[in-house]
Amino acid sequence: MSSSETGQVTGTPDKDYNIIWFVEACLSNVLRLETYIADAERAGDGELADFFRRAQEASRKGADEGKQLLTRRLNG
């Protein structure tokens with residue numbers, strides 16, 4: 001792990017960048033899981049589709065929480 005702040009390179013402090021990255025990763029996962037759900041449904045595997053729906057909801061929740069946290073920090 002790096003022990004130096006890289007915000008001078010990105011223009012965004014690492015801790016803020018990390019929240020932004022996390023939100024983007026969660027949202028990307030929500031979209032990817034849509035494909036996985038469709039694949040499972042097409043294969044007739046309801047159990048797997050439900051599993052992916054739960055994972056999708058967890059990713060959506062993570063994105064929402066991250067957006068709220070980021071909003072508070074940038075507006076606070």
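Here's what I pulled together on the structure shown here. If you're wondering where the values come from, they're calculated on a predicted model, not measured in any experiment. (Residues numbered from 1 in each chain as written. Predicted model: local features only at pLDDT ≥ 70, side-chain atom pairs only at ≥ 80, totals over all residues. Heavy atoms only, no water.)

### Overview of a nonpolar patch on the surface
Consideration 1: Judged by side-chain polarity, Tyr17, Trp21 and Phe22 come together as a nonpolar surface patch covering roughly 340 Å² of accessible area.
Consideration 2: You can see tyrosine 17 is positioned in helix H2 (residues 14-42).
Consideration 3: Judged by relative accessible area, tyrosine 17 falls into the partly exposed class, the value being 41%. (Patch = residues over 30% accessible without salt bridge, like charges linked within 9 Å, V, L, I, M, F, W, Y side chains within 5 Å. Areas by Shrake-Rupley, 256 points an atom, 1.4 Å probe, with all protein chains shown as cover. Salt bridge = Lys/Arg side-chain N within 4 Å of Asp/Glu carboxyl O. Helix = DSSP H or I, 4+ residues; strand = E, 2+ residues; numbered from the N terminus. Buried < 20%, exposed > 50% of the residue type's maximum accessible area, 1.4 Å probe, protein only.)

### Comments concerning helix H3 (residues 46-75)
Consideration 1: Over its 30 residues, H3 extends 43 Å from the first C-alpha to the last, a length consistent with the 44 Å expected when each residue adds 1.5 Å.
Consideration 2: The complete set of buried residues in H3 reads Ala49, Phe52, Gln56, Ser59, Gly62, Ala63, Gly66 and Leu70.
Consideration 3: Elements in contact with the buried residues of H3: H2. (Expected span 1.5 Å × (residues − 1). Contact = heavy atoms within 4.5 Å.)

### Structural notes on the pattern of salt bridges
Consideration 1: Applying the stated criterion across every chain yields a total of seven salt bridges.
Consideration 2: The salt bridge involving arginine 53 is made with aspartate 50; its shortest N-O contact spans 2.9 Å. Taken together, the residues span about one helical turn, with arginine 53 and aspartate 50 both in helix H3 at a distance of three residues.
Consideration 3: Aspartate 50 sits in the partly exposed class, given a relative accessible area of 37%.
Consideration 4: Its salt-bridge partner being glutamate 57, residue arginine 60 comes within 2.9 Å of it at the nearest N-O pair. One end of the pair, arginine 60, and the other, glutamate 57, are both in helix H3, three residues apart, so they sit about a helical turn from each other.
Consideration 5: By relative accessible area, glutamate 57 is classed as partly exposed at 44%.

### Remarks on the packing of aromatic side chains
To describe a pair of aromatic rings, one takes the distance between the centres and the angle between the planes.
Consideration 1: Tallied over the entire structure, the rule returns two aromatic pairs.
Consideration 2: For the ring pair tyrosine 36 and phenylalanine 52, a centre distance of 5.4 Å and an interplane angle of 55° mean the geometry is tilted. With tyrosine 36 in helix H2 and phenylalanine 52 in helix H3, this pair connects stretches of sequence that are 16 residues apart.
Consideration 3: By relative accessible area, phenylalanine 52 is classed as buried at 16%.
Consideration 4: An angle of 55° between the planes, with centres 5.5 Å apart, marks the rings of phenylalanine 51 and phenylalanine 52 as tilted.
Consideration 5: In this structure phenylalanine 51 comes out as partly exposed when scored by relative accessible area, which is 43%. (Phe/Tyr/Trp six-rings, centres within 6.5 Å; stacked < 30°, edge-to-face > 60°.)

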